[in-house]
Amino acid sequence: MTTATDPRSARAFRFVRRGHADGVVELTYAFDDGDELVERIVFPDAPAIDPARAQAFDAALDLLHFVAGVSYYKAGVPDELRVETRQPDAPTAAFLDALYLHGLGEFAYHNKLDLRGRIRFPPQAPPTGAAVVGAAEAAIGGSKGIAASAAPTESTSPRRTLVPIGGGKDSLVSVEMLKAAGVDATAVWVGNSPLIAACAARTGLPLLNIRRELSPLLFEYNKQGAYNGHIPVTAINSAILAVAAVLYGYDEIAFSNERSASSATLEYDGQPVNHQWSKGWEFERGFHERLHALVSPALDYYSLLRPLSELAVAERFARTARYDDVFSSCNRNFRILGPKPADRWCGQCPKCHFVFLALSAFMPKPRLLAIFGRNLLDDEALAPAFDALMEYRDHKPFECVGEGGESRAAMHALAQRAEWREDALVARFADEVLPQLDAASLALAPLLAPAGETRIPAALLPFVEGARAEDRPTDALR
Amino acid sequence: MSSASAPAVASPAIARPWVVAKFGGTSVSTRPRWETIARIAAAHHARGRNVLVVVSALSGITDMLKRIAEARADTAKCREAQVGIVERHVALLRELELPSRNALDGWLARLDQLVVDPRRTSAALDWQAQTYALGELMSSALGVAFLGTQGLEARWLDAREHLLAQPLANQGAWARHLSANVPAVPDPAFAAALAARGEVFITQGFIARDGDGGTVLLGRGGSDTSAGYFGAMLKAECVEIWTDVPGMFSANPRVVPDARLLARLDYEEAQEIATTGAKVLHPRSLGPLRRAGVPLVIKDTNRPQLAGTEIRAVAADAAPCVKAISARKGVTLVSMETIGMWQQVGFLADVFAEFKRHGLSVDLIGSAETNVTVSLDPTENLVDSDVLSALATDLAKICRVKVIAPCAAITLVGRGMRAQLHRLSGVLAEFGALDVHLISQSSNNLNLTFVVDESLADDLIPRLHALLIRADALRVEDGAVFGPSWRELGEPAATPRESWWRRERDALLKLAGEASPRYVYSLDAVRGQARALRALGAVDRWHYALKANPHPAILRALHEEGFAFECVSLAEVEAVRTALPQLAAERILFTPNFAPRDEYAAALALGVRVTLDALHPLQHWGELFEGRELHLRVDLGSGRGHHDKVRTGGDASKFGVALDQVDAFRALARERGARITGLHAHLGSGILDAGHWRSVYGQLASLAEGFSRIESLDIGGGLGVPSRPDERALDLAALGESLAEVKRAYPQFALWMEPGRYLVADAGVLLARVTQTKRKGGVHYVGVDTGMNSLIRPALYDAWHEIVNLSRLDEAPATMVQVVGPICESGDVLGANRRLPDCREGDVLLVAQAGAYGAAMASHYNLREPAPEVAL
């Protein structure tokens, strides 16, 4: 290997080429003339590509190439983005500009970088014949932009849905909704995580596990001090699933991002920073539009939980105990499934704290404590952590947690309940925090009502908005 | 009927005694298992016994029948389960090579009827009982047919004709149908009538009839219960419960591999053990047998030669003794405080009335003047419904309620518990550092229960079990009560470990002849251990933690084996550099604890890798670390290990940065432009459970993902070395597998480990000569020429080192002795209660496993020189 250039001093980040053979997608990038960064994505048991879908597949691959580049681009954030494959059309370039800017918002904040005005995908030049045609573009065999390539795929068979599983409560709530609606769904996940695999297996759905191998050179760059930090991983997974949908013949991709994912975590230098921008509404709408415009108007991308608050998702999760001993929403991202609750819940991070509080409002106390293996609300040392969740004296942490109002309402509900109110942090809330709050703002019910924009197919809406599922049959001999 | 055939039917001049033998689901699911049943029944029969075989349904069948009930309107799901049930039984029928399907088809037709029965969609209770009963009816029918083909004429007995359930007061409809009770007492008329019909019978577990003649079930563990009922009614000679484990154990063997088989228990003890944890026997089966005076034996189907666990009435001469320790998890405590009314009349009555009203059964009770605390077992009801909330709401009207959970109830079981309290001081000390929520001791004197936080239980149980043995409270040497350990049963061919020093005996005696005392190290043994570790693929880099033994010859040998080095002081760094002057500095890891500033400065100047385990260095000496690469040692918060002083995790341990300070550490590092490139955790020593490192590795990896530049994860050492002959060695293959699993999930991080003791403990021995012998009362002392000044582990950690008389290695052990050193400390004991050949002045004693933390921890106490070292 030649000596790696320092990405931070590179002038350009290059989208070199992308290809596919036998279910293996290779995405190639480089900084200036440095070594190529090659990411591989492996789709198991991939069928041969239906010629009718070849154009859609190519378009999905292009989109993936552009989106997944963010992992590598961020190592140096050079001024120029150079596309040596087919150029994106103007709306796609604008979409990618927004994705890179907002998706790297937290990254920029932590690395003290200002990316505004720096990210400019070159839009496809008007087809005057004067357009610069890259070598790779010639190899693909068309100088036309990808925008025009898509043709609607007619399908009369029942629609098939990919539902990505993350190991946390949200996607499992979606799975149960899809099952209730009788949707032909496949649980899909990217990466090698025994914990997610265990959750996926528990769904009872058909499974699809896609492997992703980052370029080892990226780790080499990181070692040498390249920029590193948070990337919009949901966007990358979305683009991977778009390729999968075309490859295996799915019609819908149902993510599990809820309403509060759209709100900014904090403001930095006059710019809103959202830890989970690619889980937000703006990304969802933009990505869906790109899929329709570029890949296929028949491929739908939406989030099933979009109209729901975190609390509403927690309420729905509590309806079944099916996943109690396998799921984890802990931000420590446990991928290994251990036998003990402490192997899945660190008990230290805001996600653990919030999910504990949110679920506490909706499930029997012994069940919740069995899930976590401990009672976080009876631990005085965690008072500052729960204060932060309630936005009492502190700002909201950089995590995917609910809004302050949700935490306050959940805590208020516990303070009314005899089995909770003597616990240290609940008692403290009642004594210290509650007197300073407007009691009218603390009701749970309004927070549970579906609200806001959504792109959920009409047939599924009743299952998202629905009241409790019918009671499960009695279990005589357990 | 011709008179010639009459004698075959009955000539009951002397009634043949009855044996009831019960077989569970896995024991009736395959042909080999049925052959075993045939063999066991035939053997009893040949001994002149009448035999009643009680069988469960084929394994998994009851669950499939339940699925039919749960399917409700989902006809497809219902059909799928039904097809599965038919297939399983037809497959077994073929495997058993039964000539006709008659035995089965009637019951399968009945299943057809029940599936289309309108009661199914509402899962009516009587329909459920009839449906679930089919599992046992079918397995027993197949069994009768098969035994016939094996030349054993067995008769099919419908259990429902003989077990008549009696409703209990307050018993709900659910329990009347699905968890019924049968008042079973010895019934000589029934026994005689049965004997008149034949000598070998097969009947169904789990099922009975009610007063209306309808089918009812006996609830969980119902087949054991059936065997108990029939055993009592027939006043059997014995009831045998045939299962897949050798019997009941002194602890759950999956948690405590050293748990001992319990050879004999009385009914009450067995009931207590079965109630507080053991799953092998349902406690309900014991009541009728105790009243009828019928003994019960638990036997292992795979190893019928083992005696198993025999349960009978208490022996007159039974000495008080702890028999078992168990843990029940998921326990909820409800603590109730009176609201300021001293001696409030009727408080307890009011409180307990609420529990009754909400249908919650209280287990343990602790009470004081103003507080009563009770425990609730983790029933479905408690976990799935809001009953606890409703209870708490009602209780809150009469007292202050606090719900404490999740807890574990840790119970010591044994007759005469109060008579043994004096022996339990070490055991009780273990609870000293923990928050014990409740202690309960019943007046029947069979148990002593501690309720603690559930997360503590898994680590606590093996320690308590070992302490109970050490305290002589669990008297495992009493062969009448205790059988072999689970581990011994699992590894019948366990060969004693071959020690290098047995082969080198002559050379060692010669060395001891030249000078005594002395430490002797085998470099071959060090290399052997090193190669075994290097063979584990998952670990990218091994370090030797040289605090265990910094002898230069060992350092050089391990360097040749590809090991890097982990040092905890600047002097250790210097020792490595002196022994290996060519070694690249980055092969040295500097991981000190509370070291002074100048040691870090010097280490950084040398270019070795530095690990910080506190905020202080970055806060106060930040300029030292400007632009440097650092490793961070975190405290994952749960200490474990074989002794308090070698546990290095948890708030009470001085090592590592607490998880809640990791962000602060990162911020400080960022301010200084220092890069955190490695995470390290080390939670204890002497760990023999391979799963421990998987958990540390998984936790570190998940933590490392939140960082930007982590390259390596150092999961420490602590690889246990068994000391006692019956201890199992660490399973390296299992370790390698579990590490590889984590590696697949987090391939971006290099995996490092840093064992110390594992590499060198067995490679070193301490040779010492006998100076004097002494007898005081019944105690014999053998004094040697060095003691805690050379080897302090026995005094410091209660460590057990094998000791042999090398001069008389071939002589049989004779006297029980205390091997002591010459230091003026009563703790200067190298080995207590050792059986050695008679020792004479000048004999050479060998203290094994002295290669780690022996010479390294030696002192000049009493101004006695510690033993010098020599490497072979």
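Residues numbered from 1 in each chain as written. Chains lettered and ligands numbered in written order. Predicted model: local features only at pLDDT ≥ 70, side-chain atom pairs only at ≥ 80, totals over all residues. Heavy atoms only, no water.

**Thoughts on the overall build of chain A**
Inference 1: Regarding its fold elements, chain A presents 18 helices and 11 strands.
Inference 2: Considering only contacts within chain A whose residues lie at least 6 apart along the sequence, 72% involve residues at least 24 apart. (Helix = DSSP H or I, 4+ residues; strand = E, 2+ residues; numbered from the N terminus. Contact = heavy atoms within 4.5 Å.)

**Structural notes on the overall build of chain B**
Inference 1: Looking only at helices and strands, one finds 29 helices and 35 strands in chain B.
Inference 2: Of all 872 residues assigned to chain B, the portion counted as buried reaches 54%.
Inference 3: Partitioning the contacts of chain B with sequence separation of at least 6, the portion at a separation of at least 24 is 75%.
Inference 4: Accessible surface computed for chain B: about 35,900 Å², of which carbon and sulfur atoms make up 52%.
Inference 5: Taking the average place of the 93 positive charges on the side chains of chain B and the average place of its 100 negative ones, the gap between the two points comes to 2 Å. (Buried < 20%, exposed > 50% of the residue type's maximum accessible area, 1.4 Å probe, protein only. Areas by Shrake-Rupley, 256 points an atom, 1.4 Å probe, with all protein chains shown as cover. Lys, Arg positive; Asp, Glu negative; His and termini not counted. Charge placed at Lys NZ, Arg CZ, Asp CG, Glu CD.)

**Overview of helix 7 (residues 194-203) of chain A**
Inference 1: Taken across its 10 residues, helix 7 of chain A has seven buried, putting it largely inside the fold.
Inference 2: Among all positions in helix 7 of chain A, only Pro194(A), Leu195(A), Ile196(A), Ala198(A), Cys199(A), Ala200(A) and Thr203(A) are buried.
Inference 3: Where helix 7 of chain A is buried, its residues contact helix 6 (169-180), strand 6 (184-190) and strand 7 (207-213) of chain A together with helix 27 (732-745) of chain B.
Inference 4: Taken from the residues just after helix 7 of chain A, Gly204(A) is the one with a positive phi, measuring 80°.

**Brief notes about the interface of chain A and chain B**
Inference 1: Taken together, the contact pairs 42 residues of chain A with 54 residues of chain B.
Inference 2: Buried area between chain A and chain B, both sides added, is near 4,100 Å², and the carbon and sulfur share of it is 51%.
Inference 3: Inspection of the region where chain A meets chain B yields two salt bridges.
Inference 4: Between Asp378(A) and Lys402(B) there is a salt bridge whose closest N-O contact spans 2.9 Å.
Inference 5: Connecting chain A to chain B are seven residue pairs in polar contact (both at pLDDT 80 or more).
Inference 6: Among the secondary structure elements, those contributing two or more residues to the side of chain A that touches chain B are helix 8 (216-223) and helix 13 (365-372) of chain A.
Inference 7: In the side of chain A that touches chain B, the residues fall into 14 nonpolar, 12 polar and 16 charged. (Buried area = accessible area lost by both parts, 1.4 Å probe. Salt bridge = Lys/Arg side-chain N within 4 Å of Asp/Glu carboxyl O. Polar contact = N/O pair within 3.5 Å; in protein donor to acceptor, adjacent residues only side chain to side chain. Nonpolar A, V, L, I, M, F, W, Y, C, P; charged D, E, K, R; others polar.)

**Some points on the UniProt feature "active site" (unreviewed entry) in chain B**
Residues and elements named next belong to chain B.
Inference 1: Within this structure's numbering, the places UniProt gives as "active site" (unreviewed entry) are Cys824.
Inference 2: Turning to its location among the elements, Cys824 is positioned in the loop between strand 32 (815-820) and strand 33 (829-836).
Inference 3: With residues near it in sequence (within four places) discarded, Cys824 still touches Tyr861 and Asn862. (UniProt positions renumbered as here; feature names shortened; annotations may be inferred.)

**Looking at the pairing of strand 12 (residues 324-338) of chain B**
All names here are of chain B.
Inference 1: Within strand 12, 11 of the 15 residues are buried, which leaves it mostly tucked inside the rest of the structure.
Inference 2: One ladder, built from 12 bridges, connects strand 12 with strand 15 (residues 399-413); its direction is antiparallel. Following the sheet pairing, Ile325 is matched in strand 15 by Leu412.
Inference 3: In terms of strand pairing, strand 12 meets strand 14 (residues 371-376) through six bridges, oriented antiparallel. Its bridge partner being in strand 14, Thr332 is matched across the sheet by Leu376. (Pairing = 2+ DSSP bridges.)

**Some details on the sheet that holds strand 2 (residues 24-31) of chain A**
Residues and elements named next belong to chain A.
Inference 1: Spatially, the nine strands line up as an open sheet ordered 4-1-2-3-7-6-5-8-11, and their pairing is mixed. The strands lining the two open edges of the sheet, one partner per strand, are strand 4 (80-83) and strand 11 (300-303). Averaged over all neighbouring strand pairs, the angle between strand axes comes to 20°, with direction disregarded.
Inference 2: In this sheet, strand 7 lies alongside strand 3 (residues 37-42) in antiparallel orientation, the contact comprising three bridges. Within strand 7, the residue paired with Ile41 across the bridge is Arg212.
Inference 3: Contacts between helix 1 (residues 54-68) and the sheet are confined to strand 1 (12-21), strand 2, strand 3 and strand 4, with strand 1 contributing the most and set at about 145° to the helix. (Axes fitted to C-alpha atoms, helices over the stretch in contact; angles between N-to-C directions.)

**Quick notes on the domain arrangement of chain B**
Inference 1: In terms of domains, chain B is made up of domain 1 (13-237), domain 2 (324-490), domain 3 (523-758) and domain 4 (764-871).
Inference 2: Placing a centre on the C-alpha atoms of domain 1 of chain B and another on those of domain 3 of chain B gives a separation of 58 Å. (Domains from an automatic or database assignment.)

**Digging into the sheet that holds strand 4 (residues 200-204) of chain B**
Residues and elements named next belong to chain B.
Inference 1: In spatial order, the strands read 3-4-2-1-7-10-11-9; together these eight strands make up an open sheet with mixed pairing. If you trace the sheet from one side to the other, it starts and ends with strand 3 (155-156) and strand 9 (264-266), each paired once.
Inference 2: As paired strands, strand 3 and strand 4 are joined by two bridges and run parallel to one another. Within strand 4, the position partnered with Trp156 by the bridge is Ile202.
Inference 3: Along the sheet, helix 10 (residues 267-276) makes contact with strand 9 and strand 11 (309-312), crossing strand 9 at roughly 95°.

**Quick notes on the packing of aromatic side chains**
Inference 1: For the structure on display, the rule yields 36 aromatic pairs over all chains.
Inference 2: With a centroid separation of 4.8 Å and an interplanar angle of 65°, the aromatic rings of Phe287(A) and Tyr301(A) are classed as edge-to-face. Highlighted residues: Phe287(A) in helix 10 (residues 281-295) and Tyr301(A) in strand 11, separated in sequence by 14 residues. Side by side, Phe287(A) and Tyr301(A) carry an identical accessibility label, which is buried.
Inference 3: For the pair Phe190(B) and Phe230(B), a centre-to-centre distance of 6.5 Å together with 35° between the ring planes defines the contact as tilted. Here Phe190(B) is found in helix 8 (residues 188-197), whereas its partner Phe230(B) is found in helix 9 (residues 222-233), with 40 residues between them in sequence. (Phe/Tyr/Trp six-rings, centres within 6.5 Å; stacked < 30°, edge-to-face > 60°.)

**Section: the pattern of salt bridges**
Inference 1: By the definition in use, this model includes 71 salt bridges over all chains.
Inference 2: The closest approach of N and O atoms between Arg316(A) and Glu315(A), which form a salt bridge, is 3.5 Å.
Inference 3: Within this structure, Asp524(B), Arg527(B), Arg531(B), Glu560(B) and Glu561(B) form a network of salt bridges that share partners.

**Structural notes on the side chain of Ser360(A)**
All names here are of chain A.
Inference 1: Tracing the backbone shows Ser360 in helix 12 (residues 350-360).
Inference 2: Within polar-contact distance, the side chain of Ser360 engages the backbone oxygen of Leu357 at 2.5 Å.
Inference 3: Setting aside chain neighbours within four positions, we find Ser360 in contact with Leu368, Leu414, Arg417 and Trp420.

**Focus: the confidence of the model for chain A**
Detailed reading of the predicted coordinates is not advisable wherever pLDDT is low.
Residues and elements named next belong to chain A.
Inference 1: With 86% of its residues at a pLDDT of at least 70, chain A reaches an overall mean of 85.
Inference 2: The secondary structure element of chain A with the lowest average pLDDT is helix 5 (residues 135-140), at 36, and the one with the highest is strand 3, at 97.
Inference 3: Every residue in residues 128-155 scores below 50 in pLDDT, and together they form 39 contacts with partners more than four places removed in sequence or on other chains.
Inference 4: For residues 468-478, every residue scores under 50 in pLDDT, and the model assigns this stretch 26 contacts once sequence neighbours within four places are set aside. (pLDDT = per-residue confidence, 0-100.)

**With respect to the nonpolar core**
Residues and elements named next belong to chain B.
Inference 1: The biggest cluster of nonpolar side chains holds 129 residues, and the ones touching the most others in it are Trp34, Met248 and Ile311.
Inference 2: The greatest single-element share of this core, amounting to 12 residues, is contributed by helix 6 (residues 125-149).
Inference 3: Summarising the domain contributions, this core has at least three residues from each of domain 1 (13-237) and domain 2 (324-490).
Inference 4: Leave out the neighbours within four places in its chain, and Trp34 touches Ser27, Val28, Val55, Leu92, Leu96, Ser139, Gly143, Phe146, Leu147 and Ile202. (Core = buried A, V, L, I, M, F, W, Y, C linked by side-chain atoms within 4.5 Å.)

**Topic: the packing of helix 12 of chain A against helix 13 of chain A**
All names here are of chain A.
Inference 1: Where helix 12 meets helix 13, the axes come as close as 10 Å, and the angle between the chain directions of the two elements is 160°. For the element pair helix 12 / helix 13, the angle class is roughly antiparallel. Crossing hand, helix 12 versus helix 13: right-handed. From helix 12, Cys352, Val355, Phe356, Leu359 and Ser360 reach across to helix 13, where they touch Leu368, Leu369 and Phe372.
Inference 2: Classifying every residue of the contact of helix 12 with helix 13 gives seven nonpolar, one polar and no charged. (Parallel < 35°, antiparallel > 145°, perpendicular 65-115°, else oblique. Left-handed = near helix turned anticlockwise from the far one by under 90°.)

**A closer look at the domain arrangement of chain A**
Inference 1: With domains assigned, chain A is organised as domain 1 (7-124 + 141-303) and domain 2 (328-449).
Inference 2: Look at where the C-alpha atoms of domain 1 of chain A and domain 2 of chain A centre, and you get two points 32 Å apart.

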